[in-house]
Amino acid sequence: MMKPGTLILHAAARFLVPLQLLFSVFLLLRGHNEPGGGFIAGLVAAGAFTLYLFTFGAAVTRDLMRVDPRNLIGVGLFIGMISVFPAVLQGEPFLTAQWWPVMLPGGTEIKLSTPLIFDIGVYLTVFGSVMLMMIALTEAEER
Amino acid sequence: MSFEVGLPIVVPLLTGALCVMFWRYNAIQRALSLVGSLAILAASIWLLVSVLNEGHVVMHMGNWVAPFGITLVADMLSAIMVVLTGMMAVAIAIYSLASASPSHERFGYYPLMHLLLAGVCGSFLTGDIFNLYVWFEVMLVASFALLILGGERAQMEGAVKYVTLNLVSSAIFLSAIGLLYGLVGTLNMADIAVKLGSAENPGLIDVIAVMFLIAFGIKAAAFPLFFWLPASYHTGPVAVSALFAGLLTKVGVYALFRVFTLIFNQAPEFTHELLLWVAAGTMLTGVLGAAAQFEFRRILSFHIVSQIGYMILGLALFTPLALIGGVFYIMHHIIVKTNLFLISGITHRLLGTYDLKKLGGMYKARPFLSVLFLIPALSLAGIPPLSGFFAKFIIIRAGVEASAWVVTFIALLVGLLTLYSMIKIWAEVFWKKLPKGVDDTALTAGKTSGSLVVLYIPVVLLGACTLFIGLHGQPIYEFAEYSAQQLLNPQGYIDAVLGGGQ
Amino acid sequence: MTGFMWNLLLAITWVVLTGDVGGINILFGLLVGYAVLGIMQRQMPSLRGYTRRLPRLLRFLAFFAKELVVANLTVAFDIITPVWHMKPGVIAMPLEAKTELEITMVANIISLTPGTLSLDVSDDRRVLFIHAMFLDNEQELRDSLQDMERRVLEILR
Amino acid sequence: MEIIYLIAFGLLSISMLLIFIRLLIGPTLPDRVVALELLATVVVAMAGTYAIFTDRSSFIDVAIVGALTAFLAAIGFARFLERGGPRDD
Amino acid sequence: MQLAVLVIYLAALFTPWLFVRHQHRTAYLMALVPAALTVWFAMHIPEVAAGATLVQEFQWVPGLDISFTMVLDGLSLMFALLICGIGTFVVLYAGAYLKGNAAQNRFLVVLLAFMGSMLGLVLADNLITLFVFWELTSITSYLLIGFNHQSAEARKAALQGLIVTVAGGLALLAGFAMLGMMAGSFSIQEILSSSSAINQHHLYSAMLICVLLGAFTKSAQFPFHFWLPNAMAAPTPVSAYLHSATMVKAGIYLLARLQPELGGTQLWIVVLTTFGAVTMLTGAFMAIRSTDLKKLLAYSTVMALGTLTLLLGIGTELAMLAFAAYLLAHSLYKGALFMLAGIVDHEAGSRDVTELGGLRKNLPLTALLVGVAALSLAGIPPLFGFVAKELLLESMLDGAFHSFIYVLVMVASIFVVTVASVIALRPFFGAFKAPKEREKIHEPPVAMLVGPVILVILSLFAGLMPALAGGWITQPASNAVAGFTVEGYLALWHGLNLPLLLSAISIAAGLVLFKYWDAARSKMKVLDPIVARGPERGYFWFMDAIVWVAEWQTRKLQNGSMRNYMRTIVLVFVGLTGYTLLTRYQLHWNWDVSLYFHEFIAVGILVAAGGAACLTHSRLGSVAAMGAVGFSVALIFILFSAPDLGITQILIETLTVILLVLVLFRLPSFSNISTTRERIRDAAVALLAGVLITFLIMITIDVQLFEPISGYMIENSYPLAHGRNIVNVILVDYRALDTLGEIFVLALAAMGVYAMIKFNPETSPGANHYAGTLILPKKELNEKDIVHSLEEIHQKMLEEQNIVTAGSDNDSDDEADEDPYTTDRDEQNGDDQESDNREPRS
Amino acid sequence: MEPIMAIAVGLMYAAAIYMMLRRSIVKLVIGLMLLSNAANLLIFTSAGMTRGAPPLIPEGSTIPDGIVADPLPQALILTAIVIAFGVLAFAVVLIHRAYNILRTDNLDQMKDTDT
Amino acid sequence: MIDTIVNWIIALFMLTSGIFTLVAAIGILRLPDLLTRMHASTKAGALGVALMMIAVMLHFGDLVVMAKALAVIMFILITAPVAAHAIGRAGYFVGVPIWVNTVKDELFNRYDADTHRLRSGLETEEELEAMKTATKDKPRIRVTTKK
Ligand code: NA
Ligand code: NA
């Protein structure tokens, strides 16, 4: 096994990856109101894992991700598709946004919505897709 | 709410997503694929019935009224195309059961196929020009992936050309959309039609129209933009190329029909005249290309090109009868060409090659297959009483009535040359003695294996469709007539989308 | 690290209790938590010395900012003047830092300090190879680098 | 005040130009990569300037992403070199 | 009547199933079908003879004015009787002739299908329906001619027949389309009864030529006659049925059918008489050159077809009478003769008259039948052939034609007597001569003799009682052809008149010619080169031309070079769009060039980086330049109010660069293979496209026709969609469908990439064969092109760069760097501008 | 600004096409990248460019203050960028695979399926 | 009044940032070799961004924006040296030319061309032996590529 990264890279990656992931979730959740959104967030997450990939190699990254990227894609697409249907129950066209205000204990209101679900689907798909490509390419190269 | 107009898109998308989720389990994927394709067919028939009842079926996605959101619209043409897609979906799904290897299945054969179908259906149903681009891309990328599935050298060589030239087309399409948006500030096709109808600057519109013509012309494999098709269609897995042969170029043709009847109908003396020459060139170069070939699928591929010419001719003549002919031709050709590719797959299964020079003896060993081949082959050549005859006849009649002598002559000549090619295949593959040194164990095996039976099922079904259209063409003719009527009166489409009042 | 987690936890508790998620309140929660931990740390071994790090950090930041600006100016001067005053070279610096994180922090800080650039760490982690722009007085440079390392480790340990 | 912003923009722009020249002339791959990396950094600074200029804080988000991601390209190039890619290329 | 046609098709459909149990006896069973139909049609004789026309209406595709209506009048009845009657005998004959042949069931299927098609053709009222059956006869005849499909000869002949007839058929289709347009209907009855003056229409000539092309090709008229003799590759029953009695007469039928409406014009008369006469002569001439029994018969058929066309051209009442009589007579004797020739071939093992002789002892009945039929062929009383010939000569003399045509007719008559003599005498008289041994030659089974016997008897019977045959069959047919009731009658004896004299002369001359036949044949060898230059050469020329043009076109257009494709597409784009722009739009725009310095720099870097990506010799330099392109695009997005785009662009750019770097690792470096000329040409093409795009954008930004719809989106983004980032709201709500598609695109691309990397022939052997993928043999590479390792790639690149930079004083850093990892750094020669005077380091 | 951009975009197109007319598949891919960037900029330019007014609605109000840039082309471009990325990734790996199998990066040597 | 002062401070930060960036740019263009150029890019570049972000903080004065600007500074300060390390190291080892006036190279002899190990020079004999025999830890740089 070739040792992919250097000590400094290892440490930096261990430090940066959580930050990037955190930031990606941040971008995802507030994308509806500020620049960001599922797509951008997914790319940031993918960037994070790509850094990890370059630093620790494909096997370690797969291990870190736990989920196979294809499952991520599948689930992401499926979640994306889920947002198509709730409107049908209301007799509204596909993809019509549904908003469900949820009161958290403590008085804060959080608005769950199909656009949010959709954005999460986008996030997972983008993340999964980029990782699928990157990991496969890296594995091909590591051979 | 008219969910039926969305279902043909949503169903394959969902099937695709589920197939990806279950990528580990081939059996589940197979079942999903079968159920999914049947569901597309069911949904599409529902849609067809609705269109027959209501004329246009419209759904404003996300409940955003046109032109602000994306509107799905089905008129008769769309409905017909979607039904055909459903039929092809079922045929290919069945065929794939016995032609997709476990490796293919593991690497996304089924999701790719269903997402391709989703792209196709989306292209047929969307009423939004940018959304059309998106579905084109869905279709395209799915087709890229399907084309290279297997990683053979031929696939790579073909794919390089296929991918590049189609991306060029996409780029032109996208640029045209950008310019169009800059001009009229809207993306909804009905809205564009209304606005361009009232615009003062037709010359500029023609420029955009020409860009669309080129972009869709590449997708439709029209002359002189078709090169990617004969370079690649014969390289992929056979079920895949059958699906491509039937549906993909038709999406380009459909797009041409859509925009050149709905949006760019202001200056037919320029745009449609141009289309006429495109059609003539397409017919001729395609058929001549085939005459020089000795590879089963490659001949068929070139014939796709030439047949596309007939369809464009229908649009170019721009008379009611011609449009009927064009639509009829599309319907007929999808079924027939898919079927021919599927048959080429069976002969490949039996003798392990597509090279006409190495094939042979099929008539003696497999008479039933021979009949199954003759039906689509002769139909393609326009021999009555098969579907292709009516298609060709309507076009020729329209050509005669429009006094378009040159193209009519070309259309007739091309019919003859098409027959020549089909007969070449027939003579080489079926009549000729099996050349020495070809492994014919599968061919001469007494019993028909189970997987072969599965391969036969869609061929028989599609052949039956061809025969049915030939023997009972009236309903199909009426469908085509209805859609031509709608295409020539875009106001109905516009009213349906924009609510009439706007 | 544990200390910081505790601090964060206390801040969150504070936010929940007050029911105000505004930025100011979070900051205030952090401060309150910091104060509470300052009292508690003597009794909890894992938190020992937590509150001492903040002043150290601030001190270091001030030092670092000064270094950054001053040394930057030196480099800038050399860059914009037509003649090169620099005497670049690669030196090996023995490391105090032991863990991966420590080494990386030291290396990064050194890289950020004008005139020095960490190239790599030897396989046995004992030596950091540094490219320096001004090797006029090597010993002085080594001393200041060692000083820098000490300060960094002070915060981390 | 605007003149200040424009001067800042001007300085950053000229910087970009100079960096770009280095990117063009190389001569080795690492040289280009360093230039690219710095170019990204200047874009981040530009985003900040622009945020002040237009009084829109949204552009800071661009800066964050730039700061967080752009270096990945450099890591990629470095990896390429480490694995034996030619430096002249 | 529709039922009649259907029954035959059904019979065809059931044949394979019956064949399993009854083998060749199936044919005898199947013969019952046409026999019954013959009876059924015969029952209508009185009715039709009385002038009635039976019509059965049936819709098919009303939208296209295509009906399945069928009409039975004199003409169709005569044809129907011939088709079913001779069909019965042929099926019987085939049962015995192909006994034991494994493919007999298929043969019967196609034969019956042909029969149904032929019947449909003559009964159809609708032009298009007629055409449908017309083409079906072409196809079925193709399958029948190619029955011996393993022989290349048979395949070739079948193809020839098909191409010629289908080519004509397509012309016919166009003609029908025109005719339908002119008459306003495709119904023959309506066309015939309509008052529209079709022969006055300006498209009349075009239409007529198209229809004639169809008819002439089908009926083997000069210059399309060549396919018919070649079609003799078919088994004898096919020749007897298709190529004498029925199919070849389809064209004649069509002309006769349309004669009332289309005939009578100058064009019609001239073309039909000329081509008829020429065909007649050609047939007769070619016949006497032949020695193959079937060829003899085939060419005499060509002659007869010419005669029929000639008669239609003449178009007088007498000619109509002669037409019907001649047609009937010919069908009777020619059908019989073909079957008899088949018997001779079958029994004696050859059908070349020069190889045969003295067979009358072994085949007495056959000899007798041949003799009688040949008498009819030669037009010798009291056979029906004589009656017909008399009428022919009479109508010839009746009309006022160029004497050239008389001469032709006479020559043909003489030749046909010779031909008849050859057929009747040569195989059966003289010394015994046959490939088979004498003992093995004996009369065939009854099934093969039934047809000839009855046909010969009918010939004789009709000759003896011409009034009966005329009154019941040929005269109603003549009426139908003429379009009115024809005056006149059929008789064996017209008294001593000029036709009789001519007849006698021709018989005498023909017999004389027969005497010197062998000598004459060898003399006529002189003419071979001329014959070889006949119209068949045209056919071959056409076929070769197709292949040649096809290959040429493929070489030029589809030549495998992606760059050519690309260039063509770009040029088409530039040409068409540019042309439209120049011709249809008045160029004008307002310049608004207010911009800030930093914007200018951003755009400048964008362009410069793009240019650099193009021009650099280093791959990764190019990638880095692409990175710069990406960042400047991002900057432009930022500077023009698109933060989301800016973020996305930065992210995507980074990932793209990474991707490229990952992949390029394995790829060779750029090489400069293109010549300068090539590059200049490509640059010109590219620049043209660029200029065009610039113009288009300039125009677009100048012309804003309408307010964009996004105003609505901006206003309602927060109130209705609860989002403050309007771009995001568009993405996940207004246009969520786009985004849905987009994530699928990405997922698809990822799956494709994954499959490409992980799935290849080595990882899954056999998978591609199973799936039917095209598998090409492993590519043979030039040894010099094979690149094994990175070092070699590197090395090669350096070599190439040295070549490129050879002679230039630009000393860059591309020295031959054998080991880039060498510790001996000082040995590296100066490779930087700055490193001229390197000093040792310590 | 737009006219300058128009020229720049035109040049980008020219560069892209020039690259796509080269023999090397690597250059082909670079050309494709340039082309997609150029197309995006074309949309951006022809829809009109606005300085300093991102299409965002500030906290507390329901519509943006003042005129903002047209968000629709931005959304379109965003979609197009993503699609182009997917497609490009595919194309890049395709040439990688093609090279591995064919051992050539010369487009003119990829004619076996097509002559 | 305070506004004006703050504005001037902001202006100062912006200009300084611009100047430092420019210095970095000039440096990267002028400096003689890769390693020295990287000095310019890492420090001056990072400082440029940092100063600009401070200007941003002052300008907006909003806590969220300040946090974001701080995040930018932090990210730049982390990523810039890491990237510099990666590129510098790779560049050095693949033999990117070094300026002639470089006075010292202690890394030079520590790098083993055969094993591609980076020695500290402080190893004991046993450790060196172990390093030579340790085959499972392959070098970080690929010597040859697969045939
Ligand atoms: Na505009
Ligand atoms: Na405009």
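Refer to the structure presented above.
The following refers to the structure shown. (Residues numbered from 1 in each chain as written. Chains lettered and ligands numbered in written order. Predicted model: local features only at pLDDT ≥ 70, side-chain atom pairs only at ≥ 80, totals over all residues. Heavy atoms only, no water.)

Looking now at the packing of aromatic side chains. Inspection of the entire model under this criterion finds 70 aromatic pairs over all chains. Arranged with centres 5.9 Å apart and planes meeting at 35°, the rings of F107(B) and Y754(E) form a pair that is tilted. Of this pair, F107(B) sits in the loop between α4 (102-106) and α5 (109-125) while Y754(E) is found in helix α32 (residues 736-758), placing the two residues in two different chains. We note that F107(B), like Y754(E), is buried. Aromatic pair F270(B) and Y579(E): ring centres 6.4 Å apart, planes at 20°, arrangement stacked. Taken together, the residues F270(B) in helix α12 (residues 268-291) and Y579(E) in helix α25 (residues 562-584) connect one chain to another. Overall, F270(B) belongs to the buried group, its relative accessible area being 12%. (Phe/Tyr/Trp six-rings, centres within 6.5 Å; stacked < 30°, edge-to-face > 60°. Helix = DSSP H or I, 4+ residues; strand = E, 2+ residues; numbered from the N terminus. Buried < 20%, exposed > 50% of the residue type's maximum accessible area, 1.4 Å probe, protein only.)

What follows concerns the interface of chain D and chain F. Between chain D and chain F, the residue contacts involve 5 residues of the former and 6 residues of the latter. Carbon and sulfur atoms make up 51% of the area that chain D and chain F hide from each other, which totals about 420 Å². Area buried by chain D at its contact with chain F is led by Y50(D), R56(D) and S58(D), which between them contribute 79% of it. In this structure, the connection of chain D to chain F is made through 0 salt bridges. Taken together, chain D and chain F are joined by 1 residue pair in polar contact (both at pLDDT 80 or more). (Contact = heavy atoms within 4.5 Å. Buried area = accessible area lost by both parts, 1.4 Å probe. Salt bridge = Lys/Arg side-chain N within 4 Å of Asp/Glu carboxyl O. Polar contact = N/O pair within 3.5 Å; in protein donor to acceptor, adjacent residues only side chain to side chain.)

With 137 residues of chain B in contact, the opposing surface of chain E contributes 110 residues. Both faces considered, chain B and chain E share a buried interface measuring about 11,000 Å² in area, 75% of it formed by carbon and sulfur atoms. It is W64(B), F68(B) and W431(B) in chain B that bury the most area against chain E; as a group they hold 8% of the surface buried on that side. The residue D128(B) makes a salt bridge to R735(E) at a minimum N-O spacing of 2.6 Å. Inspection of the region where chain B meets chain E yields 26 residue pairs in polar contact (both at pLDDT 80 or more). Sort the elements by how many residues they give to the side of chain B that touches chain E and helix α7 (residues 153-184) of chain B lands first, with 15 residues. For the side of chain B that touches chain E, the per-class residue count stands at 87 nonpolar, 30 polar and 20 charged. (Nonpolar A, V, L, I, M, F, W, Y, C, P; charged D, E, K, R; others polar.)

Moving on: the sheet that holds strand β2 (residues 116-121) of chain C. With mixed pairing, the 4 strands of this open sheet are ordered in space as β2(C)-β3(C)-β1(C)-β1(G). At either end of the open sheet lies a strand with only one pairing partner, and these are β2 of chain C together with β1 (104-105) of chain G. The pairing of strand β1 (residues 89-94) of chain C with β1(G) spans 2 bridges and is parallel. In the sheet register, G89(C) faces β1(G), and the bridge partner there is K104(G). Contacting β1, β2 and β3 (127-132) of chain C together with β1 of chain G, helix α5 (residues 138-156) of chain C crosses the sheet at an angle of about 45° to β1(C). On the sheet, helix α2 (residues 34-60) of chain G packs against β2 and β3 of chain C and is oriented at approximately 110° with respect to β2(C). (Pairing = 2+ DSSP bridges. Axes fitted to C-alpha atoms, helices over the stretch in contact; angles between N-to-C directions.)

On to unusual backbone geometry, then. Backbone torsion omega between A66(B) and P67(B) reads 5°, so that peptide bond is classified as cis. Within the fold, P67(B) resides in the loop between β1 (57-60) and β2 (71-74). That bond from P384(B) to P385(B) is cis: its omega, 0°, falls within 30 degrees of zero. Turning to its location among the elements, P385(B) is positioned in the loop between α16 (367-380) and α17 (387-401). In this structure, L95(A) is a non-glycine residue whose phi angle is positive, near 70°. Here L95(A) shows up in the loop between α5 (86-89) and β1 (99-103). The buried category is assigned to L95(A), whose relative accessible area is 6%. If you check the backbone angles, D55(D) has positive phi at about 60° while not being a glycine.

What follows is about the arrangement of the chains. Between chains B and E lies the most contact-rich interface of the 14 pairs of chains that touch. A gap remains between chain B and chain D, which never touch, and the nearest two C-alpha atoms on either side lie 24 Å apart. Nowhere do chain C and chain D come into contact; their C-alpha atoms are at least 13 Å apart.

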